[in-house]
Amino acid sequence: LTTLGANTFSMGIAGPILSFAVYKLFKKFGAKSGISVFFAAFLGDLFTYVVTSVQLAAAHPDNGSFLVALVKFLGVFAVTQLPLAISEGLLTVVVFNILEKYSHKELNELGGAIV
């Protein structure tokens, strides 16, 4: 794996796909937009780093053990990423609410599926 390919996959494919799926699932079950957006951003962020941990463990096994390396990488990322994922989820809700309030017309013109 190259760094660019690994980053593209974890941050550009895996995380966003999970975020979209979580958002749609929450909306399907009637959750409010703010709750749906928070959990989509929060879980998408965390999943990005789970995928990154898997990639790093595959590239750098600890004494030949993928699982030992995976636990170590997950432990490092969990400590740093959990508070960041919470704050990013909250910030995403704030930005979503601003866009929904002040750009409702434009969002509807683009397809409006999120509002």
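Up top is the structure these notes are about.
Residues numbered from 1 in each chain as written. Predicted model: local features only at pLDDT ≥ 70, side-chain atom pairs only at ≥ 80, totals over all residues. Heavy atoms only, no water.

A.B. asks: Just give me the short version of the overall build of the chain, but keep the residues and values in it.
C.D. replies: When you go through the chain residue by residue, the secondary structure sums to 4 helices and 0 strands. The globule rule puts the C-alpha radius of gyration for 115 residues at 13 Å, and the 17 Å found for the chain is more than 25% above it. C-alpha extents for the chain along the principal axes are approximately 55 × 25 × 25 Å. Taking all 115 residues of the chain together, the buried fraction comes to 28%. In the chain, 54% of the contacts between residues at least 6 apart in sequence involve partners at least 24 apart. Accessible surface, the chain as shown: approximately 7400 Å² in total, 73% of it carbon and sulfur. (Helix = DSSP H or I, 4+ residues; strand = E, 2+ residues; numbered from the N terminus. Rg over C-alpha atoms; globule rule 2.2 N^0.38 Å. Buried < 20%, exposed > 50% of the residue type's maximum accessible area, 1.4 Å probe, protein only. Contact = heavy atoms within 4.5 Å. Areas by Shrake-Rupley, 256 points an atom, 1.4 Å probe, with all protein chains shown as cover.)

A.B. asks: Let's hear about the packing of helix α2 (residues 33–59) against helix α3 (residues 66–102): which residues, and what values?
C.D. replies: In contact at an axis separation of 7 Å, α2 and α3 are set at 155° when each is read in the N-to-C sense. Considering the angle they form, α2 stands roughly antiparallel to α3. The handedness of the crossing between α2 and α3 comes out as right-handed. In terms of residue class, the contact of α2 with α3 is built from 23 nonpolar, 7 polar and 3 charged. (Axes fitted to C-alpha atoms, helices over the stretch in contact; angles between N-to-C directions. Parallel < 35°, antiparallel > 145°, perpendicular 65-115°, else oblique. Left-handed = near helix turned anticlockwise from the far one by under 90°. Nonpolar A, V, L, I, M, F, W, Y, C, P; charged D, E, K, R; others polar.)

A.B. asks: Explain the layout of surface pockets to me, and be specific about the residues and the numbers.
C.D. replies: Vacant regions in the atomic arrangement are exposed by a probe of water-molecule size rolled over the atoms. The volume enclosed by the second largest pocket comes to roughly 160 Å³. Along its surface, the second largest pocket is lined by 10 residues, and Thr 2, Thr 3, Ala 6, Gln 55 and Leu 56 are the ones closest to its centre. Of all elements in the fold, only α1 (3–28) and α2 reach the threshold of two or more residues within the lining of the second largest pocket. Tallying contributions element by element places α2 first for the lining of the second largest pocket, with 4 residues. Of the residues in the lining of the second largest pocket, the class split is 4 nonpolar, 6 polar and no charged. (1 Å grid on protein atoms, 1.4 Å probe; cavity = no way out; pocket = protein on both sides within 12 Å on 5 of 7 lines; lining within 4 Å. Points joined across faces, edges and corners; volume = space filled by probe spheres on them.)

A.B. asks: Explain α3 residue by residue, including any values.
C.D. replies: Gln 81 marks where α3 bends most, by close to 40°; the proline Pro 83 follows one to four residues later. Of all the residues in α3, the buried ones are Ala 69, Leu 70, Phe 77, Gln 81, Ala 85, Gly 89, Val 93 and Phe 96. Buried positions along α3 lie against α1 and α2. Where α3 begins, the side chain of Ser 65 points an oxygen toward the backbone nitrogen of Val 68, at a separation of 3.2 Å. (Bend = angle between axes of the 7 residues up to and from the residue. Polar contact = N/O pair within 3.5 Å; in protein donor to acceptor, adjacent residues only side chain to side chain.)

A.B. asks: How would you summarise unusual backbone geometry if you had to cite specific residues and measurements?
C.D. replies: A positive phi angle, close to 50°, is found at Asn 63, a residue other than glycine. Turning to its location among the elements, Asn 63 is positioned in the loop between α2 and α3.

A.B. asks: Please set out the packing of aromatic side chains residue by residue, giving values where relevant.
C.D. replies: Within the structure shown, the criterion is met by 4 aromatic pairs. Taking 5.7 Å as the distance between ring centres and 10° as the angle between the ring planes, the aromatic pair formed by Phe 38 and Phe 42 counts as stacked. Here the residue Phe 38 and the residue Phe 42 both occupy positions in helix α2, the gap between them amounting to 4 residues, near one helical turn. What makes Phe 38 buried here is its relative accessible area of 17%. Taking the relative accessible area as the measure of exposure, Phe 42 reaches 14% and is therefore buried. Plain terms: the ring middles of Tyr 49 and Phe 77 are 5.3 Å apart, the flat faces sit at 45° to each other, and that makes the pair tilted. Here Tyr 49, found in helix α2, pairs with Phe 77, found in helix α3; they are 28 residues apart in sequence, far enough to count as distant. An aromatic cluster is present here, built from Phe 26, Phe 38, Phe 39 and Phe 42 joined pairwise through their rings. (Phe/Tyr/Trp six-rings, centres within 6.5 Å; stacked < 30°, edge-to-face > 60°.)

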